[in-house]
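A look at the structure
The residues making up each chain are set out below.
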Amino acid sequence: MTAEESDDAVTKAIERRRRAIEAEWNELGTIVLVGAGDPIPIPGRADRVYPFLAHSEYFYLTDRQRPGAILTYDPEEGWSEFVPVIGADERLWSGDVSDEAGTPVSELGPWLEKRRGRRVAQLGAPVANVASDGAVASELRTRMDRVRRRKDALELARMRRAADATRAGFAGAVPFIAPGISERALQIEIEAGFFRHGADTVAYDSIIASGPNAAVLHHLPTQRLLGAGELVLIDAGAEYRGYDCDVTRTYPVSGDFSAEQAAVYALVLRVQRAAIERCRAGVEYRDIHLAAALEVAQGLVDAGFLRGSAANLVEQGASALFFPHGIGHMVGLGVRDAGGYLPGRSRSEAPALRFLRIDLPLEPGHVVTIEPGIYFPPHVLEDPEVRRQHRDTVVWNRVDTLRGFGGIRIEDNVLIRDGGNEVLTRAIPKE
Ligand code: GLY
Ligand code: MN
Ligand code: MN
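In this report, we go over the structure that sits alongside the text. The model shown is predicted, which means the values in this text are computed figures rather than measured ones. The written sequence of each chain sets the order in which its residues are numbered from 1. To read the labels, note that chains go from A and ligands from 1, taken in the order they are written. Side-chain atom pairs in this predicted model are given and counted only at pLDDT of 80 or more, local residue features only at pLDDT of at least 70, and totals for whole chains, interfaces and linings cover all residues. Neither water nor hydrogens contribute to the side-chain values; these are computed over all heavy atoms in the structure.

Right, let's talk about the pattern of salt bridges for a bit. Oppositely charged side chains can pair when the atoms bearing their charge come close. Here, a salt bridge means any Lys or Arg side-chain nitrogen found within 4 Å of an Asp or Glu carboxyl oxygen. If you walk through the whole model with that rule in mind, you get 42 salt bridges. Note that Arg286 is salt-bridged to Asp359, the shortest N-O span being 3.1 Å. Taken together, the residues Arg286 in helix H9 (residues 285-302) and Asp359 in strand E13 (residues 358-359) connect sequence positions 73 residues apart. Overlapping salt bridges bring together Glu4, Glu5, Asp63, Arg158, Arg161 and Arg241 as one network. Each helix is a run of DSSP H or I of at least 4 residues and each strand a run of E of at least 2, with the numbering of both proceeding from the N terminus.

Pasting the structure below:
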């Protein structure tokens, strides 16, 4: 367990982040507004709102979850924070949040008025009634993302806490896996473990998918009971002080895999291990994805599900019928952290690349997920048009024997280090 973080460590981290961002932004000479955002009302539900999460760009620079707040940066003067005044009613319903000091947000108008004629750009959540230079905002964000992607010591300490709570959740839930338990019961067990071990919340809605449900990539838990001989896929993670963990494991419900399940599991695990091995500074994430796609294709040929050369199967989209997503994404401040494509790169429509969430070279300090999967989704595999299009490459009579198989995904979080990497989620068994 990592030591408790001190207020001083947080203050210093914020100072360092702001200095690093200033160094990126100053030459643009722009006034920058970074909005935290506002609570979003649930339509038709009176005063109910969705749980508030400050925009990641605001949170990164303030470590605060203050609705309605706006951080400003003037290269000539530095940083200021404008916050809504907390009235008696808010204190009554929501408690005392008065420690979150700043200038009343009503002062923002006069502050901007004093700087009239200078260029202003917005990041974070939009600030109403303030114009923003879109092209400059995009350049500011590109530069900020470069800094944000390299996790600092405070961020990594929080991610390790999130990973430890996630480990505890899996360890507590796995012994309950057996025929007759519901997806919901497993959700309760795993999330209880997260919270008991320090989680503030879940990183995202836990995915608990049994039997055929495991072919649905983001299946949410139901009262469905796990069946003997089935698989159960659990994709869940804890959040600690804004920082997330994102792990998937797939288990045999009855304790042992069938021969078919074991073969597919071994393939996914081999592909995942090889992809993790490739996670090194300087390596293009897209190349890690493409290598995994080729290995999935070759594995499916070897197992008798596909025929042809791996390269052709990837190019024609035959392997993407079974591996229909990217190899992963950046994780940290939010389950999808500041990933994206480098400027000048855009998403390819090629079947194997369509769902790639990030396209950039890895650097020390980046944290990515590596999460290959193989699925047998009925709505795809029973589509006559798909069967016609892939009649020569998919061995349909063999694939059809796996109706109801669901899918297998294995996911870990990998920190890129100088000369190698560290799997932050290695304490969660996958053998
Ligand atoms: N937890 C969703 C994902 O793995 O991206
Ligand atoms: Mn996941
Ligand atoms: Mn993920």
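Read on, since the account is not over.
This brings us to the pairing of strand E7 (residues 207-210). Only protein chains enter the accessibility calculation, which uses a 1.4 Å probe; a residue is then buried when its area is under 20% of its type maximum, exposed when over 50%, and partly exposed in between. Judged by which residues are buried, E7 turns out to be covered on both faces: Ile207 and Ala209 on one side and Ile208 and Ser210 on the other are all buried. If DSSP finds at least two bridges between two strands, the strands pair. Taken together, the 4 bridges between E7 and strand E8 (residues 231-236) define a ladder with antiparallel strand orientation. In the sheet register, Ile208 faces E8, and the bridge partner there is Ile234.

Counted as coordinating are nitrogen, oxygen and sulfur atoms within 2.8 Å of the metal, or 3.2 Å for Na, K and Ca, while water is not included, which may make sites look incomplete. Taken together, Asp246 (OD), His329 (NE2), Glu371 (OE) and Glu411 (OE) make up the full set of protein donors to the manganese ion (ligand 3), lying 2.0 to 2.2 Å away. Key to geometry: four donors with every angle between 85 and 135 degrees are tetrahedral; four donors are square planar and six octahedral where opposite donors lie over 155 degrees apart and all remaining angles lie between 65 and 115; all other sites are irregular. Bound by 6 donor atoms, the manganese ion (ligand 3) shows angles of 49 to 156° at the metal and therefore irregular coordination geometry. All donor residues of the manganese ion (ligand 3) come from one chain, and their arrangement in sequence is D-x82-H-x41-E-x39-E. In this structure, the manganese ion (ligand 3) lies 3.2 Å away from the manganese ion (ligand 2), the two metals sharing Asp246 as a donor. Highlighted residues: Asp246 in the loop between strand E10 (243-244) and strand E11 (247-252) and His329 in the loop between helix H10 (310-316) and strand E12 (340-341), separated in sequence by 83 residues.

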